[in-house]
Amino acid sequence: MTEWTCVLTEWTCVLTEWTCVLAEWTCVLNELTINIATALTTAEICPEKELQEKAATLSNMALQIADQGDIPKAIALWEEVASTLAQISAYSDLVTVLSNLGVADERNGLVYLAQAIWLTLRIQAPLSQTIRLISALYNRVPQGDELEALLGATAMFFCNYRGEGHPQLEELQEHSFKMIAGAANAQGIETEEAFGNWFTQQRLNDSEYFLPRLNQRLEDIVGDRWLFDRSQVSMGE
């Protein structure tokens, strides 16, 4: 009996130790469960932040790769960035990415610039950035194309309605007027009187005409190569 008593006592000690070990593991598992639940809840609450961080990381990678000369890979990354930004309606950042694509991709630059300007017709993008985009597309349009005049008129329109208090307003206005004057010269307009008549005949003094017309031309340029869902973009975002 004494031997069995000792054995039972030993097993009791062993079981007690295992009970303590199991209790400790239960605490660890509970803590892990809480941490995982918290992480999942945070991810559900803040998906926008995660996507913004992803977009920023990919964009930086694209810049570095472009600097190294691998333009096709950089373009693929920027397109992924554009898709990510569109998911969270970060359209101001999307305009910047489209601008980068417009510069990097010589073959399809018009498509990207057209999308960027299409967005600036609907969101409050910085004026200087908007005029640079318009100018970039203007310089790629065939001389004498109607789009030159539409872009110049739109640039002047933005200066008038979005430029109040801008430190570079006079410079941007001058650049915008040079675009519209260049469009007129390309169509054989040389005198001030002829310019006034042409400006009126082309309805470049009527934003209810030239803005929708520009919008249509931009959509024609892009065709089915949009990097975002246009139906999700609201005016004034």
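Anything mentioned here points back to the structure above.
Residues numbered from 1 in each chain as written. Predicted model: local features only at pLDDT ≥ 70, side-chain atom pairs only at ≥ 80, totals over all residues. Heavy atoms only, no water.

A. The nonpolar core, seen in detail. Within the largest apolar cluster, 68 residues are counted, with the highest numbers of intra-cluster contacts made by L94, L119, L151, W198, L204 and F228. Looking at which element gives the most residues to this core, the answer is helix α7 (residues 146–162), with nine residues. Those residues in contact with L94 that sit more than four places away from it in its chain are A82, L85, A86, L119 and F228. (Core = buried A, V, L, I, M, F, W, Y, C linked by side-chain atoms within 4.5 Å. Buried < 20%, exposed > 50% of the residue type's maximum accessible area, 1.4 Å probe, protein only. Helix = DSSP H or I, 4+ residues; strand = E, 2+ residues; numbered from the N terminus. Contact = heavy atoms within 4.5 Å.)

B. Broad picture of the packing of helix α4 (residues 91–104) against helix α5 (residues 109–120). Between α4 and α5, the shortest axis-to-axis distance is 8 Å and the interhelical angle comes to 155°. By the angle class used here, α4 and α5 are roughly antiparallel. As for the relative orientation of α4 and α5, their crossing is left-handed in sense. The residues of α5 that touch α4, namely those facing Y91, L94, V95, L98, L101 and G102, are G109, Y112, L113, Q115, A116, L119 and T120. (Axes fitted to C-alpha atoms, helices over the stretch in contact; angles between N-to-C directions. Parallel < 35°, antiparallel > 145°, perpendicular 65-115°, else oblique. Left-handed = near helix turned anticlockwise from the far one by under 90°.)

C. Expanded view of the side chain of T84. Looking at the secondary structure, you find T84 in helix α3 (residues 71–87). A residue is classified by how much of its surface remains accessible, and T84, at 1% relative accessible area, is buried. Those residues in contact with T84 that sit more than four places away from it in its chain are L51, K54 and A55.

D. Fine view of α3. Between the first and last C-alpha of α3 there are 24 Å, a value that for 17 residues agrees with the 24 Å anticipated at 1.5 Å per step. Within α3 the residues assigned to the buried category are A74, I75, L77, W78, V81, A82, T84, L85 and A86. Those residues of α3 that are buried lie in contact with α2 (47–67), α4 and α5. A positive phi of about 55° marks S89, the residue just after α3. (Expected span 1.5 Å × (residues − 1).)

E. Quick look at helix α9 (residues 192–201). Within α9, the full set of buried residues consists of F195, W198 and F199. For α9, the arc enclosing every buried residue in end-on projection is 100°, short of the 170-degree limit, so these residues lie on one face. Of the residues in α9, the exposed ones pointing more than 90 degrees away from the buried face are E193 and Q201. Buried-residue contacts for α9 involve α7 and α8 (169–186). Looking one or two residues past α9, R203 carries a phi angle of roughly 60°, positive in sign. (Arc of directions from axis to C-beta.)

F. A look at the packing of aromatic side chains. Considering all chains together, one arrives at nine aromatic pairs under this definition. Aromatic pair W118 and F228: ring centres 5.8 Å apart, planes at 50°, arrangement tilted. Of this pair, W118 sits in helix α5 while F228 sits in the segment after α10 (207–222); the two residues are 110 residues apart in sequence, bridging distant segments of the chain. For the ring pair F157 and Y161, a centre distance of 4.6 Å and an interplane angle of 35° mean the geometry is tilted. Of this pair, F157 and Y161 both sit in helix α7, four residues apart, which is roughly one turn of the helix. By relative accessible area, Y161 is classed as exposed at 64%. (Phe/Tyr/Trp six-rings, centres within 6.5 Å; stacked < 30°, edge-to-face > 60°.)

G. Molecular detail of the pattern of salt bridges. Overall, the coordinates contain seven salt bridges when judged by the stated rule. For R217, the salt bridge identified is with D145, shortest N-O distance 3.2 Å. Separated by 72 residues along the polypeptide, R217 in helix α10 and D145 in the loop between α6 (127–138) and α7 bring together distant segments of the chain. Residue classification places R217 among the buried positions, given a relative accessible area of 17%. (Salt bridge = Lys/Arg side-chain N within 4 Å of Asp/Glu carboxyl O.)

H. Here's a closer look at the environment of T191. Looking at the element boundaries, T191 is found in the loop between α8 and α9. A polar contact is formed between the side chain of T191 and the backbone nitrogen of A194, at a distance of 3.0 Å. (Polar contact = N/O pair within 3.5 Å; in protein donor to acceptor, adjacent residues only side chain to side chain.)

I. Just the environment of L110, in detail. Within the secondary structure, L110 is located in helix α5. When the C-alpha positions of L110 and L137 are compared, they lie 6.6 Å apart, and in sequence the two are 27 residues distant. Excluding its chain neighbours within four sequence positions, the residues that come into contact with L110 are L137, R140 and I221.

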